[in-house]
Every structure is written in C-alpha cells, then in structure tokens.
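Chains, contacts and geometry: an overview
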Amino acid sequence: MSNLSLTRRETVLALLSGAATTAALPAFAQQAEWRQSYDSGARNAVARSHTPMLSPESLQATEAAIVAYRDLASRGGWPMLQLGDKMSVGSSGPGVVALRQRLVITGDLDANAGTSNVYDSYVEAGVRNFQSRVGLSTTGAISRATVAALNVPIDRRIRQLETNVVRLRTWSGNLGNRYVVANIPAALVETVENGVVATRHAAGVGKIDRQSPLLQTKIPEVNFNPTWTVPASIIRKDLIPKMRKEPGYLAENKIRIIGPNGEIQPSQVNWNSDEATRYTFRQDPGGDFNSLGVVRINIPSPYGVYMHDTPAKGIFGDDFRFVSSGCMRVQNVRDYVAWLLKDTPGWDRAKIDQVIQSGERINARISTPVPCYWVYVTAWATPDGGVQFRDDIYNKDGLAPAPVAQLSGDKDI
C-alpha cells in the first residue's frame, strides 16, 4: 500500500511503532522549552509538536490514538517492569532488555535499535522520548517516576484517552486567532497564533487542596513590578501559623500590615487569634522576593486567580509543579508577556525589559485582549508529536489514584 493512502489508524499505528518521523519545529516554537534553559542542551532536547493541544488536528489524532491503543491492547499491551529506581547509560542486566522491549512497544525506541542488555545511547534517547510524552524531566535516566509511568496499564491509558477526547471535542472549535491555553494537569501554558504553537511555558499550578479553576476569559492587562495583596485564605492557612513560629517573617519578606488607620507593626497583632484576618497584608514590589515576581497577568474571573512570575524559578525544573494556592506561575514570563503585548504599540521586548529594570509600578493595557482558557486535559495526541499522558492530579477522570503524583513526597521521584 502506498504511504499516500494510509488510513488515519495506520498512520497512528506507524507513529506508535516508531515508523513515523516527527516534524521539525519552527524556530519560534523552540523559544521556551518545558525545562529551564540550563537543561535544554542538545543532549536532552526532545522535539515538541507545533500543533496546539486544543485543535481539530489534535482531536483527530487523539481519536486515532484510541483506535491504535485498543489494537495494541488486543495484542497484549505491555508488561509490568521490575526495574531499579535508578538506571542510566552504562547500566546493564536483564532489566535493560525488558526496558528496550517496553519502549519499542509504544514507539519510543526503534525496533532496530538492538537487544543488548547494556543501557546505551539508544535506550537513553528512547527513555527521553517516553519522559517527554508523560511530562517528566527528559533526563534519559530511569527514576521512580519514570518506572511508575511506564507501568501504568494500557487499559487505564485507553480510558484516559476516551475521557479526554470528549473534552477535546468541546474545545475543537474556533478559539481565536491568538489565544492562550493553560492545561492544569500538564502544568503547561501554550500561546497559539494562526493555528500554531508560538511558545510553551512550564507552569506552577494549584495544589490538590487549592485547585486552579477551569475558566474561559480574556487577558486585558499586564502589571509590571506589582505589589502583592495576600488573599484571606493564605492569611489564615499560611501567614498566621508562620508568624507564630517566625515572628520576623513579615519584615524579612517586606510584607506590610495595613489597618483602617494606616500601617500596623507586627508586634501590635495577636497572632494567637484570628485578629490578623481583619487587616490587609501587602508585599512591596521586588522581583527577588515578591511572590508575584516582576509581572502579574490579569485574567478577570469570579475566582480571583491570575498568572504571574515568581522568584522561586527552581520549581519549573520539577516534575511535580502543583504548588500554588490556585493562581498560575509562568516560566520565562518575559517571553510570555512579550507575546501578549506584541500587537500593542510601544511595548516591544526592549520596552518590557526597561520597565522591569526600572522597578516602577506600571500597567500595560493589551490593545486587543487575548482569549485565555484554563482547561483540564490528561491525555491527547498530535499528528507529529505522539500520544501524551499526564497524571489526573485532581481526580477529574475518576481513575484515582494518580500513579506518579503519589511519589511527590519523595525527593527523588
């Protein structure tokens, strides 16, 4: 049969077997990798699809992936692996042979890569490809999280795809010429223009007990060098207990207490009561310490959440980024706001850098507010990017418990 006459099912089966070639990314789609810049060298690079997650193309690819995974399940799926928690290039043994076979089954490793029991560069590349498909750091080395993801049964993966194809159908219409998608379980932000992903940004999203909401809104404004007003929930849950243990915490973090008649000193507050909830707590601007970093991106909604920078940029190198109280922290935020403001006169990248450097509190109104969608998608596929899976961190798929998230308490997941 000619390649030109392949059915969609056959195309995806070819992709799963490693026969399909991933399309090269356009240069602008490589501006923001999921990992920090210090981990984006050629050895760790994995090609990313330029097809938006929310698109007719992704919907069709996901429908085809369901057919392919059902076919794979009918042929036995994949076996459970018994691997050491840490394996990398140079490791050897029967576990490496089993790992090779597992990677071949899902097309992460070419079947012609051999059957050696040595963890070589081929296995490393296959592991990196698998890790990129499940949202883990593309180290190419085996970790507990990688083993947990490898051992998710195929029946669960099929149910994930079936559940999420319904969500993708909901979002497969016209979302706009320029829009932002924040996929909460992937802890990932995509900017999309003319049907192509322009930039991708790792994100820090809401904890399991302080979930980021699903919403549809428009981004009208960017705040540079913002102050941060502490939400009442954080005052109760975090700030009061912190002050009981560390009386100097507010001063060290430049957080002021504002009462009806002006500023109040921390020593004037009874921290063994709920008195503090009657006051406003406001943190001074400052990218090195302010919880919002140097940028806040307003997104009107009934939930009081927004997107912002953070001084704690180390979180973007973590596999588990469910760390906030509902708002969303965005990696490489200057690239993000430069894209948001690219059609707003007077706000090129040089101007953005200048304003941030000045430390001055300035608002920038976006000339045409950008549609923004916070969604919950734990499985999807793209024609040129393979089949993606993420943990159902908020248990919205009904398939609990989430396998990788259960390891989040360990330093080495």
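Preceding block: the structure.
The following refers to the structure shown. Just so you know, these numbers come straight off a predicted model, no measurement behind them. (Residues numbered from 1 in each chain as written. Predicted model: local features only at pLDDT ≥ 70, side-chain atom pairs only at ≥ 80, totals over all residues. Heavy atoms only, no water.)

1. Some details on the pairing of strand β6 (residues 255-259)
Alternating positions in β6 separate cleanly, Ile255, Ile257 and Gly259 being buried on one face and Arg256 and Ile258 remaining unburied on the opposite face. Alignment of β6 against strand β8 (residues 280-283), held across 4 bridges, turns out to be antiparallel. Across the sheet, Ile257 pairs through a bridge with Phe281, a residue of β8. Sheet analysis places β6 next to strand β7 (residues 262-264), joined by 3 bridges and oriented antiparallel. Bridging across to β7, Ile257 finds its partner in Ile264. With antiparallel pairing between neighbouring strands as the criterion, β6 and β7 make up a hairpin whose turn holds 2 residues. (Buried < 20%, exposed > 50% of the residue type's maximum accessible area, 1.4 Å probe, protein only. Helix = DSSP H or I, 4+ residues; strand = E, 2+ residues; numbered from the N terminus. Pairing = 2+ DSSP bridges.)

2. A few points about the layout of surface pockets
The volume enclosed by the largest pocket comes to roughly 760 Å³. Every residue lining the largest pocket is counted, 34 residues in all, and those nearest its centre are Trp228, Ile234, Ser291, Ser325 and Arg329. For the lining of the largest pocket, the elements supplying multiple residues, two or more each, are α7 (232-245) and β11 (322-324). Looking at which element gives the most residues to the lining of the largest pocket, the answer is α7, with 5 residues. Grouping the amino acids of the lining of the largest pocket by side-chain chemistry returns 17 nonpolar, 12 polar and 5 charged. (1 Å grid on protein atoms, 1.4 Å probe; cavity = no way out; pocket = protein on both sides within 12 Å on 5 of 7 lines; lining within 4 Å. Points joined across faces, edges and corners; volume = space filled by probe spheres on them. Nonpolar A, V, L, I, M, F, W, Y, C, P; charged D, E, K, R; others polar.)

3. Some details on the packing of helix α3 (residues 94-105) against helix α4 (residues 121-133)
A pair of packed helices is captured by two measures, namely the crossing angle of their axes and the spacing between those axes. One way to put it is that α3 packs onto α4 with a least axis distance of 10 Å and a crossing angle of 50°. Taken together, the axes of α3 and α4 lie oblique to each other. Between α3 and α4 lies a crossing whose hand is left-handed. Residues Val96, Leu99, Arg100, Arg102 and Leu103 of α3 form the contact with α4, whose own contacting residues are Val123, Gly126, Val127 and Phe130. Of the residues contributing to the contact of α3 with α4, the split by class is 6 nonpolar, 1 polar and 2 charged. (Axes fitted to C-alpha atoms, helices over the stretch in contact; angles between N-to-C directions. Parallel < 35°, antiparallel > 145°, perpendicular 65-115°, else oblique. Left-handed = near helix turned anticlockwise from the far one by under 90°. Contact = heavy atoms within 4.5 Å.)

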